[in-house]
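Structural characterization, general
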Amino acid sequence: MNELENNIGQEEEGSEHTQPWLTIYADMMTLLFAFFVLLYSMSSPDPVKMAAMEDAIAKEAGIKGELKSQNEIKEEIEEIIEQLDLNNVANVIKDPRGVAIELDGDICFASTSTKIRTDLEVVLNKVSTEILSNTNDYRMVIVEGHTDSQKIPDQLKNYFPTNWELSAARASAVVNYLINQGVNSGRLQASGYADRWPADVPWFDVRSGKVNNQIIAEHNSNLAQMNKNRRIKIVFTND
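Rules of the game
Residues numbered from 1 in each chain as written. Predicted model: local features only at pLDDT ≥ 70, side-chain atom pairs only at ≥ 80, totals over all residues. Heavy atoms only, no water. Helix = DSSP H or I, 4+ residues; strand = E, 2+ residues; numbered from the N terminus. Buried < 20%, exposed > 50% of the residue type's maximum accessible area, 1.4 Å probe, protein only. Contact = heavy atoms within 4.5 Å. Areas by Shrake-Rupley, 256 points an atom, 1.4 Å probe, with all protein chains shown as cover. Patch = residues over 30% accessible without salt bridge, like charges linked within 9 Å, V, L, I, M, F, W, Y side chains within 5 Å. Salt bridge = Lys/Arg side-chain N within 4 Å of Asp/Glu carboxyl O. Polar contact = N/O pair within 3.5 Å; in protein donor to acceptor, adjacent residues only side chain to side chain. Axes fitted to C-alpha atoms, helices over the stretch in contact; angles between N-to-C directions. Parallel < 35°, antiparallel > 145°, perpendicular 65-115°, else oblique. Left-handed = near helix turned anticlockwise from the far one by under 90°. Nonpolar A, V, L, I, M, F, W, Y, C, P; charged D, E, K, R; others polar. Core = buried A, V, L, I, M, F, W, Y, C linked by side-chain atoms within 4.5 Å. Phe/Tyr/Trp six-rings, centres within 6.5 Å; stacked < 30°, edge-to-face > 60°. Pairing = 2+ DSSP bridges. Right-handed = clockwise from strand over helix to strand, strands pointing away.

**A closer look at the overall build of the chain**
Scanning the chain from terminus to terminus reveals ten helices and five strands. Buried positions account for 34% of the 239 residues belonging to the chain. Partitioning the contacts of the chain with sequence separation of at least 6, the portion at a separation of at least 24 is 69%. With the model as given, the accessible surface of the chain reaches about 14,800 Å², and the carbon-plus-sulfur share is 54%.

What follows is the structure in structure tokens.
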């Protein structure tokens, strides 16, 4: 019996000496854990990606997510347009950045004015309460101002030297209105494109620098085209 106990003791003692890597492995795992905790504490997590990740986890767990999908946003915009009977002056389009609503300039602002008209106010009120009211949604919303290629009248050049200033001022007016309706200002971006993005020109052509004076002239050759180019565009982005 004593001989058996001695053999067992010798085996246990031998196993401790023949597996020293266990201690090294445990120390390495502890150091790695501490390293990644340190990295996380020094990082600045993207709130948009964090919210999207939390939303995806919730949906996978069978819980209804808080963030509306692009399809849901598209359907809600279409419903707003239908409710307000704006089918002839507003439309929903797919943009590489997300879903967008385009509104004819005539229902948005008077000629060379930055004062928001009542029809646009009604649309913005609906959008702010039905689409942009989620405080946990940090995805960007880009408001774009677009004009035709007509020059600014001389009497107004002190206010708007070019269409760049006019389009940017109109986009800013829409952003300010949404902020006053309680929309998170950190999500909103105002951009003025002047006449450099005609309505029928794809996003890629604009982004890649293919739009030149000749293309702008071709897309402003008649009254119908110019009316179409004067617009406000609101893009509900993917991120």
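Anyway, onward from the coordinates.
**Some remarks on a nonpolar patch on the surface**
Together, Trp21, Leu22, Tyr25, Met28, Met29, Leu32, Phe35, Phe36 and Leu39 line one region of the surface with nonpolar side chains, adding up to about 890 Å² of accessible area. Turning to its location among the elements, Phe36 is positioned in helix α2 (residues 21-42). A residue is classified by how much of its surface remains accessible, and Phe36, at 52% relative accessible area, is exposed.

**Notes on unusual backbone geometry**
The residue Thr112 is not glycine, and still its phi comes out positive at about 55°. Mapped onto the secondary structure, Thr112 falls in the loop between α5 (105-108) and α6 (118-130). Look at Ala194: it is not a glycine, yet its phi comes out positive at around 50°. Within the fold, Ala194 resides in the loop between β4 (188-192) and α8 (203-207). What makes Ala194 buried here is its relative accessible area of 1%.

**Focus: the side chain of Lys233**
Mapped onto the fold, Lys233 is located in strand β5 (residues 231-237). Overall, Lys233 belongs to the buried group, its relative accessible area being 3%. A polar side-chain atom of Lys233 sits 3.1 Å from a polar atom in the side chain of Asp95.

**Re the packing of α6 against helix α7 (residues 163-180)**
Running from amino to carboxyl end, α6 crosses α7 at an angle of 50°, the nearest separation of the two axes being 10 Å. Compared by their axis directions, α6 and α7 come out oblique. Of the two elements, α6 crosses α7, and the hand of that crossing is right-handed. Along the contact surface, α6 presents Leu120, Glu121, Leu124, Asn125 and Ser128, while α7 presents Val174, Tyr177 and Leu178. Here the contact of α6 with α7 is built from residues that sort into five nonpolar, two polar and one charged.

**Topic: the nonpolar core**
Counting 33 residues, the largest nonpolar core has Ile77, Val174 and Phe236 as the members making the most contacts within it. When residues of this core are traced back to their parent elements, those giving at least two are α4 (70-83), β1 (90-95), β2 (98-104), α5, α6, β3 (141-146), α7 and β5. Once residues within four sequence positions are removed from consideration, Val174 is found in contact with Phe109, Ile116, Leu120, Leu124, Val143 and Ile232. One finds Trp197, Val201, Val211 and Ile216 within the second-largest nonpolar core, a separate group that totals five residues.

**Comments concerning the packing of aromatic side chains**
Scanning the entire structure with this criterion turns up one aromatic pair. Aromatic pair Tyr193 and Trp197: ring centres 5.1 Å apart, planes at 75°, arrangement edge-to-face. According to the relative accessible area criterion, Trp197 is buried, its value standing at 4%.

**A look at the sheet that holds β2**
In a beta sheet, neighbouring strands pair by backbone hydrogen bonds and run either parallel or antiparallel. An order of β1-β2-β5-β3-β4 is seen for the five strands of this open sheet, with the pairing classed as mixed. For this open sheet the edge positions go to β1 and β4, each flanked by a neighbour on one side alone. Averaged over all neighbouring strand pairs, the angle between strand axes comes to 20°, with direction disregarded. Judged from the six bridges that link them, β1 and β2 form a sheet pairing that is antiparallel. Note on β2: the bridge partner recorded for Ile93 is Ala100. Lying on the sheet, α7 is in contact with β3, β4 and β5; it crosses β4 at an angle near 160°.

**Looking at the pairing of β4**
Where β3 lies against β4, five bridges are found, and the strand directions are parallel. Paired with Val143 across the two strands is Ala190, which belongs to β4. Chirality of the crossover, the property in question, places the unit of β3, α7 and β4 among those that are right-handed.

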